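The lines below spell out each chain.
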Amino acid sequence: MLRMEAVTKTYNHRGPAVTVLSDVSLEIHPGDFVSIVGPSGSGKSTLLLALGGMLSPSSGIVELDGESLYELSPDQRAELRGRKIGFVFQTFNLVPYLSAVENVQVPLFLGGIIGDEQKDRAVSLLERLGLGDRLEHKPSQLSVGQQQRVALARMLANDPSIILADEPTGSLDPATSAQVMEFLVQMNQEGRTVVMVTHDPQVARRAKRTLTLENGRICNECESQAG
């Protein structure tokens, strides 16, 4: 289970302090599919990064399966993320000089998978996503939708139980967006927990429930069950 208790995040750069998250508390249970919506600047991406152990809060507690993430050392947090959490970003973050299959092999290598098993698993994931004929293509040789599917394959490489997706369809055409959402729904149906930031109401409706952020706070009266 993912849990936040009274989480606040404040940035203190030059000028006045800016509070991005304010006293946020929530619980996300195993197998849930939650969409997080709200206006630009409401704190959605900050919330997702804090949930995933990527951005320490100024105050409050973030727990994953009973472990307080920010009481762990950075190395312990990274190891926990590698085992349990997969990230999907709008910008894909593919390594430009690596092929599709090599990009998917990166987390497998970091996870200690070596030899034929590493490449076999990467190939299998790309084939599952319809990219069996694009294994050796560099990101620049792939369409935007194909790049996102490589990113999805890479995210699944270490078989995470939790998927955190930040605007996963934000730069995609409607047809490719629908394909990506079908894939995330399928991942959820297989038992994975999915937490997704989106600005698209149609995409948000694919989740089991929706949380609305406004000015860094969860608008409880706006929380709604998906149909």
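Above: the structure in question.
Here the structure is a predicted model, which is why all the values come from computation and not from measurement. Residue indices follow the written sequence of each chain, beginning from 1 at its first position. Totals for whole chains, interfaces and linings use every residue, but because this is a predicted model, local features are given only for residues with pLDDT of at least 70 and side-chain atom pairs only at 80 or more, for both listing and counting. The side-chain quantities take in all heavy atoms of the structure and omit both hydrogens and water.

(A) Inspection of the sheet that holds strand 5 (residues 67–68) at higher detail. Pairing between strands is defined by DSSP: at least two bridges between them are needed. Here a strand is any run of E in DSSP of at least two residues, a helix any run of H or I of at least four, and the numbering for each starts at the N terminus. In space, the four strands of this open sheet follow the order 2-1-4-5, with antiparallel pairing throughout. In the strand order of this sheet, the two ends are held by strand 2 (18–28) and strand 5, each with one partner. Summarising the sheet, strand 1 (residues 2–11) and strand 2 pair through seven bridges and their orientation is antiparallel. Its bridge partner being in strand 2, Arg-3 is matched across the sheet by Glu-27. Should any heavy atoms of two residues lie within 4.5 Å, those residues are considered in contact. Only the stretch in contact is used when fitting a helix axis, every axis being a line fitted to C-alpha atoms; angles between N-to-C directions are given from 0 to 180 degrees. Against the sheet, helix 1 (residues 44–51) contacts strand 1, strand 2 and strand 4 (59–64), and its axis sits at roughly 55° relative to strand 2.

(B) Focus on the packing of aromatic side chains. Pairs were defined over the aromatic rings of Phe, Tyr and Trp, the Trp ring being its six-membered one, requiring ring centres within 6.5 Å. Orientation was assigned from the angle between planes: stacked under 30 degrees, edge-to-face over 60, tilted for the rest. The final tally for this structure, using the stated rule, is one aromatic pair. Aromatic pair Phe-87 and Phe-89: ring centres 5.8 Å apart, planes at 0°, arrangement stacked. With a 1.4 Å probe rolled over the protein chains alone, any residue whose accessible area is under 20% of its type maximum counts as buried; one over 50% counts as exposed, and the rest are partly exposed. Look at Phe-87 and you get buried, because its relative accessible area is 16%. Charge over a ring is defined by NZ of Lys or CZ of Arg lying within 6 Å of the ring centre and within 35 degrees of the ring normal. We note Lys-9 situated over the ring of Tyr-11; from NZ or CZ to the ring centre the distance is 5.2 Å.

(C) Structural view of a nonpolar patch on the surface. Two distance rules govern patches: like charges are joined within 9 Å, and nonpolar side chains (Val, Leu, Ile, Met, Phe, Trp, Tyr) within 5 Å, applied only to residues with over 30% relative accessible area and no salt bridge. Only the protein chains shown count as cover for residues, and the accessible areas themselves come from Shrake-Rupley with a 1.4 Å probe. Note on definitions: salt bridges are taken to be side-chain nitrogens of Lys or Arg within 4 Å of carboxyl oxygens of Asp or Glu. Residues Val-106, Phe-109 and Leu-110 make up a contiguous nonpolar surface patch of about 330 Å² in total accessible area. Looking at the secondary structure, you find Phe-109 in helix 3 (residues 100–110). When its relative accessible area of 56% is taken as the criterion, Phe-109 is described as exposed.

(D) Seen up close, unusual backbone geometry. Within the chain, Glu-167 stands out as a residue other than glycine whose phi angle is a positive 50°. Its place among the elements puts Glu-167 in the loop between strand 7 (162–166) and helix 6 (174–189). A positive phi angle, near 55°, is found at Asn-215, a position not held by glycine. Secondary-structure assignment places Asn-215 in the loop between strand 9 (209–214) and strand 10 (217–218).

(E) Representation of the pattern of salt bridges within the structure. Scanning all chains against the criterion turns up eleven salt bridges. In this structure, the salt-bridge partner of Glu-63 is Arg-3, at a minimum N-O distance of 3.2 Å. Of this pair, Glu-63 sits in strand 4 while Arg-3 sits in strand 1, placing them 60 residues apart in sequence. Each member of the salt-bridge network shares a partner with another, and the members are Arg-128, Asp-159, Glu-190 and Arg-192.

(F) The arrangement of the layout of surface pockets in detail. Grid points spaced at 1 Å and placed over the protein atoms alone form the basis of the search, with a cavity being a set where a 1.4 Å probe fits but cannot get out and a pocket an open set showing protein on both sides within 12 Å along at least five of seven lines. Lining residues have an atom within 4 Å of a point. Grid points are joined across faces, edges and corners, and a volume is the space filled by probe spheres set on the points. When its volume is computed, the largest pocket comes out at roughly 700 Å³. Along the walls of the largest pocket sit 23 residues, with Gly-82, Ile-85, Pro-107, Leu-110 and Asn-158 positioned nearest its centre. Class assignment for the residues of the lining of the largest pocket results in twelve nonpolar, six polar and five charged. In the scheme used here, Gly and all other residues not listed as nonpolar or charged are polar, with Ala, Val, Leu, Ile, Met, Phe, Trp, Tyr, Cys and Pro taken as nonpolar and Asp, Glu, Lys and Arg as charged.

(G) Molecular detail of the packing of helix 3 against helix 4 (residues 115–128). At a minimum axis separation of 9 Å, helix 3 and helix 4 run at an interaxial angle of 125°. The angle between helix 3 and helix 4 falls in the class oblique. Taken as a pair, helix 3 and helix 4 cross one another with a handedness that is right-handed. On the side of helix 3, the interface is formed by Ala-100, Val-101, Val-104, Gln-105, Leu-108 and Phe-109, while helix 4 contributes Gln-118, Lys-119, Arg-121, Ala-122, Val-123, Leu-125 and Leu-126. Its residues assigned to classes, the contact of helix 3 with helix 4 comprises nine nonpolar, two polar and two charged. Any angle that is under 35 degrees is reported as roughly parallel, and any over 145 degrees as roughly antiparallel; angles of 65 to 115 degrees are reported as roughly perpendicular and all others as oblique. Handedness of a crossing is defined here by the sense of rotation of the near helix relative to the far one, left-handed for an anticlockwise turn of less than a right angle and right-handed for a clockwise turn.

(H) The arrangement of the side chain of Lys-9 in detail. Assignment of secondary structure puts Lys-9 in strand 1. Of the buried charged residues, Lys-9 lacks a salt bridge, with Asp-166 as the closest side chain of opposite charge at 15 Å. We call two N or O atoms a polar contact when they sit within 3.5 Å, provided that within protein one can donate a hydrogen and the other can accept it, with sequence-adjacent residues counted only if both atoms are side-chain atoms. Of the polar contacts made by the side chain of Lys-9, one reaches the backbone oxygen of Ser-56; its length is 2.9 Å. Apart from the residues within four sequence positions on either side, Lys-9 is in contact with Val-18, Thr-19, Val-20, Leu-21, Thr-46, Leu-55, Ser-56, Pro-57 and Ser-58. The positive count covers Lys and Arg only, the negative count covers Asp and Glu only, and His and the chain ends enter neither.

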